[in-house]
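Each chain is listed here by its residues.
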Amino acid sequence: MTGCTRIAVLASGRGSNLQAILDAIAQGQLQAEVVGVFSDRPDAEALQRMPAPRRWAAAPRDFADRAAYESALGDAVAASAPDWIVCAGYMRILGAAFVARFDGRLVNIHPSLLPRHKGLHTHARALEAGDAEHGASVHFVVPELDAGAVLAQARVPVLPTDTPQTLAARVLGVEHPLLIASLQLLASGRVTEQDGQLQLDGHPFFSPLALDSARMLQAS
Ligand code: GRF
């Protein structure tokens, strides 16, 4: 992909990952443009980080059913003509029709070392499980929750004194650089996904890239 990569962001909450993308663009680290932020929560803080013409929000309860909501969301996303769609704290499971519509260019950042701890409350669950390490993953989205091919991961230690809150804060600190490194690779066109198989420079790869490797690849 050449030129300025068009990124649409789906977000339900605070939007610190969206802000990390905006900052990386402003600092010249990511040759991209955020073409819209899309939310299931009209009061989401994330929306405030974008100018009004690039915001779309609708509450699913205002639609007849989930299919109708996702069709409207998909139309709004498609109208922004994105190259990539990034779920960054988007707290709804996307249905098969939406996933198929944006197949191969829909990614999510999830706060765990997938396949461990899919779904919610990942930090509390990592502590309960006695995990020595925890972290974040950027993966392609498939209809099954948090089950798509994992592009890259960042790890943090779990400390004996951790609470879910302290662990969440440590993970968030690596989520942002992980998301930017992943988007740099995706925007460069070097990483692709088809039928669940990731390729780097045309070669299949089977294990998630570590954050440091993803950064090194970007420099190479
Ligand atoms: C992040 O931890 C993300 O991984 C998870 O939800 C949180 C969203 O944070 N899916 P923010 O809205 O980007 O600040």
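Residues numbered from 1 in each chain as written. Predicted model: local features only at pLDDT ≥ 70, side-chain atom pairs only at ≥ 80, totals over all residues. Heavy atoms only, no water.

Asker: Would you mind showing me how to read the environment of H121 here?
Answerer: Note that H121 resides in the loop between β5 (106-110) and α4 (122-128). In this structure, the C-alpha to C-alpha distance between H121 and A67, residues 54 residues apart in sequence, is 26 Å. (Helix = DSSP H or I, 4+ residues; strand = E, 2+ residues; numbered from the N terminus.)

Asker: Got a minute to help me understand the site of the ligand in this structure?
Answerer: Around the ligand sit R14, G15, S16, N17, G89, I109, P111 and E175, and that is every residue in its neighbourhood. At 2.5 Å, a side-chain N or O of R14 approaches an oxygen atom of the ligand. Within the side chain of N17, one N or O atom sits 2.8 Å away from an oxygen atom of the ligand. Computed on the free molecule, the ligand has an accessible area of 370 Å², of which 86% lies beneath the protein chains in the complex. Among the residues making up the shell around the ligand, the classes are represented as two nonpolar, four polar and two charged. (Near = heavy atom within 4 Å. Polar contact = N/O pair within 3.5 Å; in protein donor to acceptor, adjacent residues only side chain to side chain. Areas by Shrake-Rupley, 256 points an atom, 1.4 Å probe, with all protein chains shown as cover. Nonpolar A, V, L, I, M, F, W, Y, C, P; charged D, E, K, R; others polar.)

Asker: Help me understand the sheet that holds strand β4 (residues 84-88), please; the structure alone is not making it clear to me.
Answerer: Backbone hydrogen bonds hold the strands of a sheet together, and the pairing may be parallel or antiparallel. Taken in spatial order, the eight strands of this open sheet run β3-β2-β1-β4-β5-β6-β7-β11, and their pairing is mixed. Every other strand in the sheet has two partners, leaving β3 (55-57) and β11 (209-210) as the edge strands with one partner each. By the bridge criterion, four bridges tie β4 to β5 in an arrangement that is parallel. By the bridge assignment for β5, V86 is matched with V107. In this fold helix α5 (residues 164-188) packs onto β1 (5-10), β4, β5, β6 (133-140), β7 (150-157) and β11, with an angle of close to 155° to the strand it touches most, β7. (Pairing = 2+ DSSP bridges. Contact = heavy atoms within 4.5 Å. Axes fitted to C-alpha atoms, helices over the stretch in contact; angles between N-to-C directions.)

Asker: Help me understand the pairing of β1 in this model?
Answerer: On a regular strand, each side chain points to the face opposite its neighbour's, so the side chains alternate between the two faces of the sheet. Judged by how many residues are buried, β1 sits mostly within the fold: five of six residues are covered. As paired strands, β1 and strand β2 (residues 32-39) are joined by six bridges and run parallel to one another. Residue pairing for β2: V9 is matched across the bridge by V37. Note that the unit made of β1, helix α1 (residues 16-26) and β2 has a crossover that is right-handed. The sheet contact formed by β1 and β4 spans four bridges and is parallel. The residue of β4 that forms the bridge with V9 is V86. (Buried < 20%, exposed > 50% of the residue type's maximum accessible area, 1.4 Å probe, protein only. Right-handed = clockwise from strand over helix to strand, strands pointing away.)

Asker: Would you explain the environment of G36 in this entry?
Answerer: Following the sequence through the fold, G36 ends up in strand β2. Looking at G36, the relative accessible area reads 2%, which means it is buried. Residue contacts for G36: discarding those within four places in its chain leaves I7, A8, V9, M50 and R54.

Asker: Looking at this structure, I do not really get unusual backbone geometry. What am I missing?
Answerer: Residues other than glycine predominantly adopt negative phi, and peptide bonds predominantly adopt the trans conformation. Looking along the chain, the bond that leaves L114 and enters P115 is cis, with omega of 15°. Among the structural elements, P115 can be located in the loop between β5 and α4. Located in the positive-phi region is H121, a residue other than glycine, with phi close to 55°. Look at D195: it is not a glycine, yet its phi comes out positive at around 50°. In this fold, D195 is placed in the loop between β8 (191-194) and β9 (197-200).

Asker: Would you take a moment to explain the UniProt feature "domain: Formyl transferase N-terminal" (unreviewed entry) in the protein chain for this structure?
Answerer: Within this structure's numbering, the places UniProt gives as "domain: Formyl transferase N-terminal" (unreviewed entry) are residues 6-181. Structurally, residues 6-181 comprises 32% helix and 24% strand, and the distance from its first C-alpha atom to its last is 16 Å. (UniProt positions renumbered as here; feature names shortened; annotations may be inferred.)

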